[in-house]
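# Architecture at a glance
Listed here are the chains, written in short residue letters.
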Amino acid sequence: PGGVPLQESPLPVSIKLPDNQGWAVAQKGADLSYRVDGGNWSTPRKNALLVPAGRDAEVKVATSNGETTVQLH
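A brief look at the structure comes next. What you are looking at is a predicted structure, and each value in this text was computed from that prediction instead of being measured.

## Considering the pairing of strand E5 (residues 66-71)
Judged from the six bridges that link them, strand E4 (residues 57-63) and E5 form a sheet pairing that is antiparallel. When the bridges of E5 are listed, Ala-62 appears paired with Glu-67.

## Some remarks on the nonpolar core
Residues Leu-11, Val-25, Leu-32, Val-51, Val-59, Val-61 and Leu-72 are the most contacted members of the largest nonpolar core, which totals 13 residues. Counting residues per element, the ones that place at least two in this core are strand E2 (22-36), strand E3 (45-51) and E4. Apart from residues no more than four positions distant in its own chain, Val-61 is found in contact with Pro-10, Leu-11, Gln-27, Ala-30, Asp-31, Leu-32, Gly-66, Glu-67, Thr-68 and Val-70.

## Quick word on unusual backbone geometry
With a phi close to 60°, Asp-19 is a non-glycine residue in the positive phi region. In this structure, Asp-19 sits in the loop between strand E1 (13-17) and E2. Judged by its relative accessible area of 72%, Asp-19 is exposed. A positive phi is found at Asn-20, a non-glycine position, where the angle reads about 55°.

## Here we look at the environment of Leu-11
In this structure, Leu-11 sits in the segment before E1. Accessibility expressed as a relative area gives 4% for Leu-11, which makes it buried. C-alpha of Leu-11 to C-alpha of Leu-50: the two residues are 39 residues apart in sequence and 13 Å apart in space. When neighbours within four sequence positions are excluded, Leu-11 is seen to be in contact with Val-25, Ala-26, Gln-27, Leu-32, Val-59, Val-61, Val-70 and Leu-72.

Calculation notes
- Residues numbered from 1 in each chain as written.
- Predicted model: local features only at pLDDT ≥ 70, side-chain atom pairs only at ≥ 80, totals over all residues.
- Heavy atoms only, no water.
- Pairing = 2+ DSSP bridges.
- Helix = DSSP H or I, 4+ residues; strand = E, 2+ residues; numbered from the N terminus.
- Core = buried A, V, L, I, M, F, W, Y, C linked by side-chain atoms within 4.5 Å.
- Buried < 20%, exposed > 50% of the residue type's maximum accessible area, 1.4 Å probe, protein only.
- Contact = heavy atoms within 4.5 Å.

Honestly, that's just the spatial picture; any functional story needs more than this.
Structural data, given as structure tokens:
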């Protein structure tokens, strides 16, 4: 139901949860943090993260190759 992971993407797994519950995201080997509606970044978590629902949800993906911010929509 979540589709096929996009291996070339900085965030290969991003699944919108039903009933406006937010998102489940994953990137193996990355530190992931989120912010919603322009708020502060969350504490980084390894590999996977649950992101609460919000208008402007973003995920920061930090790997040994650098850091990327991904908009969830």
